[in-house]
Amino acid sequence: LSYFFRQTLIKAKEKYYLTPREFEIIKEVLKGKKNEEIASELYISIPSVKKYLASIYSKMEIKTQKQIFEKLKLIYKIIIAATYTTYGSNFAVSD
């Protein structure tokens, strides 16, 4: 993961008070995995995945997985803008 993407995930975890398990779920969603795949990967039931997703949606004030991406995109833009403000055009974006 790129530095900025990692920072985006960390900021989202802090901003929305995500539990460690919710954070794991969100990372799997971002990898494009379906609920069944997430359940298998994390050794939990599909209803548990749905429960965690409902909690994530509530904390992030969203209704769909697509909105997770939109919220993270906004956080990402804020991090990039803050970095640019701090370092100007002299900062390099790398993995």
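Shown above is the structure to which this text applies.
Residues numbered from 1 in each chain as written. Predicted model: local features only at pLDDT ≥ 70, side-chain atom pairs only at ≥ 80, totals over all residues. Heavy atoms only, no water.

**Topic: the nonpolar core**
Ranked by size, the top nonpolar core spans 24 residues in total, and within it Ile-25, Ile-26, Ile-56 and Ile-68 carry the most contacts. Broken down by secondary-structure element, the contributors of at least two residues to this core are helix H1 (3-15), helix H2 (20-30), helix H3 (35-42), helix H4 (46-60) and helix H5 (65-87). Setting aside residues up to four positions removed in sequence, Ile-26 forms contacts with Leu-9, Leu-18, Ile-56, Met-60 and Ile-68. (Core = buried A, V, L, I, M, F, W, Y, C linked by side-chain atoms within 4.5 Å. Buried < 20%, exposed > 50% of the residue type's maximum accessible area, 1.4 Å probe, protein only. Helix = DSSP H or I, 4+ residues; strand = E, 2+ residues; numbered from the N terminus. Contact = heavy atoms within 4.5 Å.)

**What to know about the pattern of salt bridges**
Going through the model one piece at a time under the given rule, you end up with five salt bridges. A salt bridge links Lys-59 to Glu-22; the nearest nitrogen and oxygen atoms lie 2.7 Å apart. On the criterion of sequence distance, the pair formed by Lys-59 in helix H4 and Glu-22 in helix H2 is long-range, its members being 37 residues apart. Under the relative-accessibility criterion, Lys-59 is labelled partly exposed at 31%. A relative accessible area of 3% means that Glu-22 is categorised as buried. For Lys-33, the salt bridge goes to Glu-28, with nearest N and O atoms at 2.9 Å. (Salt bridge = Lys/Arg side-chain N within 4 Å of Asp/Glu carboxyl O.)

**Section: H2**
Turning to H2, its buried residues number three or more, namely Glu-22, Phe-23, Ile-25, Ile-26, Glu-28, Val-29 and Leu-30. Looking at the residues trailing H2, positive phi occurs at Gly-32, about 85°.

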